[in-house]
Each structure stands twice: as structure tokens, then as C-alpha cells.
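Below are the chains, spelled out letter by letter.
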Amino acid sequence: MEALLWLTEPLSHAFMVRALLVSLLVATVCGLLSCFLTLKGWALMGDAVSHAVMPGVVIAYALGLPFAVGAFVFGVGSVALIGYIKQMTRIKEDTVIGLVFTGFFALGLTLISKLRSSIDLTHILFGNVLGISTADIQQTLLISALVLAVLLVFRRDLILFCFDPTHARSIGLNTGALHYLLLAVLSLAAVAGLQTVGIILVVAMLVTPGATAYLLSDRFDRMSWIAIASAMLSSVVGIYASYWLDASTAGCIVLVQTGLFLLAFLLAPRHGLLAQRSR
Amino acid sequence: MVDPPRGTFPYGSSPTPAAHTAAQPPTPLPPERITVEGLCVDYHGVVALHEASLRVAAGSICGLVGMNGAGKSTLFKALMGFVRPSRGTIRINGAPLAQARREQAVAYVPQTESVDWNFPVSVADVVMMGRYGRMNLLRRPRPQDRQAVRESLERVALWDLRDRQIGELSGGQRKRAFLARALAQGATVLLLDEPFNGVDIRTEGLMVELFEQFRREGRSVLISTHDLAHVRGFCDQVVLINRTVLAYGAIDEVFTEENLARTFSAVMAGLEASPGGIR
């Protein structure tokens, strides 16, 4: 009875219910996408995009536009800029990524300090899922539906693109389009993710579930289900923990995710540390 | 193993066409799998291939011999339509490249080193990827696709291992899986990039056996290599390349000491090595 209350009491608050629903949605989207990102090796790109959306969010808020629009423009813009600089110079990709995303992030930081709007810097940086507004929920719903639709429709093409882009291209798939499609979806998912955990930690949403699932499965379908499930579990447990411990929500969610990863790292039946030791 | 009837295709098994050097324009030949005329490719002003011409007959195993940087990869890329030639024409089965691609005529078998063997796909998944160019946008396998995958896997004796993760296969089985993908694709031209790198002698024998079956079926196998023993061992044709095609045709006539000296002369190549597969 006591334990049940422990579960139900938080649900008497509307903000908790909303937070749980939004974060479950975000977990589904980011969890599925994280499989593609870990397999493609785009974790750093995910980090870059999520930081680079910052000025977009600030400008959108200042102009009264949906923040997703601003974030999307800057997310895709940063990716295009990274590609352009890499192509036109001899600088290596990881350097270009580091260069571009910090530049954008700094721009966002400066804008926020000068615009003196109602935006709360900590909400952008660390998320504010407990105080999420109805308008933000609507945007997250729309973004999530879009990202899920793209990932489901182009699932097989994207898997092939991650696995063997040369073959994909040789049989007539437009790998350039798939590249930018995945990046566009990444920008959108980063926007959805920063709703729950904020800009700084959104890369965890985009990488950790996929990494955990990758240790637990050798099939893409199973891997994506595990990734989604672990992302959802982390969100729910994290939000409850944050409620009862009165601790940072983003911190709790990501800590649970990291904990699940560590479990998989140690105990995964085939690819875990113990299994490898005993082999 | 029962041989299919010979003579169904032009150049069913032998004889091979007469040798031609780049200096002497060849006399007209019956239908060819690959016809390249005066091909020039340059990257930002750096000449990769100059005035390359060659013909590969239907039903042949053709070695593509040259040093690193001699233009082997560039020729492969051109045959897959990845680079836009500044001059010259390429025809596959007598048709332009765009049509060849629609017909899924050209298959590329990647280098062992360029494949992510931990990728969560099964052997059957990989072979099914050969069918994507023939499917609708969702790439949902139809009965004929499953049938093609099954037949291809049976031909390379991997049907029993179809549910294994691709990395669980041995070196030779991995190679055969990718050959099965080319078969499932229905390709008549197979491009193999250094297929014998890191392959043991038994696997090599199995692969050569398959190549000889392909030859009897009228397919053409183009094998890039710098190992002359391989070429002498089982190729019936050879293309010598050093920033242009120096000579091509039947192996007895083209594989002369003089031609080989020109193929491996650093004076003409003078390019830095470009390791790794085609990206």
C-alpha cells in the first residue's frame, strides 16, 4: 500500500502527468533515433546539433515564434556549415564540429544575456519538463510524430545508409538525401529532447539508449525496441526520483540512463564485460 | 556441381577477345558487359584518369591491375556513376549508366576492412539489401525478393547460416555473403575491390570457384588487385592501369613484361597512395 502510494501520489499533480507523458514521447523518438546515431557514429554530430540550436531557440522566443522553428533552422544550418567548412578546407571533421557548435552556442549565450527576455537560461540549458507549457507540448507532439514517421518510412534505407553507403549509392539510392534527412531528423529530435533534459544533456537522450541496446542485441529491430524501452524506463524512473528526492529532473533521467548502460556494460549476455571475461 | 550449358552467352567461357593496347583502337566486338571510351576523370584539376578505354566481354574474370593511386578506385567509381567524367563514355551491357543502374546491372563488393562487422544485421538482411533497388519506397520484401535471397544464399552455401549476425561468419563466409548480395541484386557486372586481402587460401579457392560459375553464366567479374599471381592464376582478361588504361584484353597477350613495367612505373603514377575502400 505504501509502495503504491509512492507511485500514485505524484500523479495527483497535473504537472507530473504532463511531464511523464511528454518525456515518454521524447524517449520514444530519441530512443529510436539513437540506434541510427550510434551505428552511424554520429554521437558528436548529435552533441553539436543540440548545442547549435541554442541561438535559434532564443531568437524564436524573442520573436514570439514557435521555438522549434528557430531551433530547426539553426540545427540544420550548423550541420550545413560543418559540411561546407569541411569540404572547403583541410580541417578534420571533429575539429570543424567542435568549432561550429561552440560558436553557435556562444552566440545563443550572448543573445540571451542581451535580450533580457522572459527566457530562463537554466530552463534551456537543463530542461524544464515539470513546468512545460501547453504550447510546448503541442510542438513536441508535432515534432515527435514527424520524426517517427520519417524514421519508420525510411527505416530500411537509413539502415542500409548506415551500414554500407557505397552499396546504397550503387543501387540508385540517393545517399546525399538520406544523409541530410537523418541530420534534419536529428535537429528535430534534439529540439524535442531539450524539452525534457535541456541542451547540455540532450546528447545523452540521443546516444545512451542506442549504446545500451547495441550491447544487448545483434538485430536492428530488437535493438530499437530495447533502446526505446530503456529510454522510457529512464524517463519514468528519473522523473519519479526527481520528485521524491527533490533533485534535478534532467540529472535524474540521464543518471538512470547511464545506470542502465552500466548494467548492460557489465551484464550483457554476449557483449558485456562479465561475458567477455568468462569467455 | 553441374555446369550450365555453354555458349548461351557470347564468350560463354572462352575464347577471350583479342588483346588491344590503348594505342591501337580495337576492332568492333560483339556485345560487351563494360565499354569505356576515352574516359577522363579529374578531381579539382588533378587528373585521376586520362583517356582510358577498355572493353570487358560478357562472361569473363578480369583483373584490374595497377598501383595504389593508379586510378583503380576512380574507375570503379566511374563505373558505378559516382564521379562525373570530364570526357568520355561508359556503357554497361551496351546501355548508358543511368539505364544500367535502373536495371541494377552493377554490383560493388566492398573491401573487408571497410565493412562494420558488428552492425546488427543478419546474413539474410545483408543479402536482402541487394534487392532494395527493385523494391518500392518502403522496401518491404515481396515473395520474389525472398525467393531471390534464398536462391542466392543457397548458391553460396549460406542458407543454413542466414539468421546469423553478419560478423559471426568466418572470413570466407563473409565474402560469400556479399557475393550473394550481388547475385540477389541480379547484377551482370561485379566490381570487387581487393577481394583477397586477408583471405586464407581455402576461402580464395571457394571464391574463385564462384567467379568461374559467374563467368559461365555470362556475368563479368572485375577484380581490382595488385597481386599478379592472382591474375595469372584465374583471370582470363586483364586491364592494366596507370592513370590511363595501358592495355587490356586476353591475359596471355596483355600480361607482358613490358606492359607490366609500364604499369608499375612510378614516373607515370607519382600519386600518393589512397588506402581504404570507396566511399
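The structure displayed is predicted, hence computed values, not measured ones.

(A) Spotlight on the overall build of chain B. A count of helices and strands for chain B gives 10 helices and 11 strands. Excluding contacts between residues fewer than 6 apart, the proportion of contacts in chain B whose partners are at least 24 apart in sequence is 70%. Carbon and sulfur atoms form 52% of the exposed surface of chain B, whose accessible area is close to 12,100 Å².

(B) Expanded view of the pattern of salt bridges. Under the criterion given, the structure shown has 17 salt bridges over all chains. Note that Asp157 of chain A is salt-bridged to Arg139 of chain B, the shortest N-O span being 2.5 Å. Residue Asp157 of chain A is found in helix H9 (residues 155-163), and its partner Arg139 of chain B is found in the loop between helix H3 (123-128) and helix H4 (143-155); the two belong to separate chains. Each member of the pair, Asp157 of chain A together with Arg139 of chain B, is buried. As a salt-bridge pair, Glu51 of chain B and Arg87 of chain B come within 2.8 Å of each other at their nearest N and O atoms. One end of the pair, Glu51 of chain B, is in strand S3 (residues 46-57); the other, Arg87 of chain B, is in strand S5 (residues 87-92), and 36 residues separate them in sequence. Judged by its relative accessible area of 32%, Glu51 of chain B is partly exposed.

(C) Up close: the packing of helix H2 (residues 14-40) of chain A against helix H11 (residues 175-216) of chain A. All names here are of chain A. Relative to each other, H2 and H11 sit at 60 degrees, their axes nearing to 6 Å. Classified by the angle between their axes, H2 and H11 sit oblique to one another. By crossing handedness, the relation of H2 to H11 is classed as right-handed. Looking at the contact of H2 with H11 residue by residue, the class counts come to 21 nonpolar, 7 polar and no charged.

The rules we used
- Residues numbered from 1 in each chain as written.
- Chains lettered and ligands numbered in written order.
- Predicted model: local features only at pLDDT ≥ 70, side-chain atom pairs only at ≥ 80, totals over all residues.
- Heavy atoms only, no water.
- Helix = DSSP H or I, 4+ residues; strand = E, 2+ residues; numbered from the N terminus.
- Contact = heavy atoms within 4.5 Å.
- Areas by Shrake-Rupley, 256 points an atom, 1.4 Å probe, with all protein chains shown as cover.
- Salt bridge = Lys/Arg side-chain N within 4 Å of Asp/Glu carboxyl O.
- Buried < 20%, exposed > 50% of the residue type's maximum accessible area, 1.4 Å probe, protein only.
- Axes fitted to C-alpha atoms, helices over the stretch in contact; angles between N-to-C directions.
- Parallel < 35°, antiparallel > 145°, perpendicular 65-115°, else oblique.
- Left-handed = near helix turned anticlockwise from the far one by under 90°.
- Nonpolar A, V, L, I, M, F, W, Y, C, P; charged D, E, K, R; others polar.

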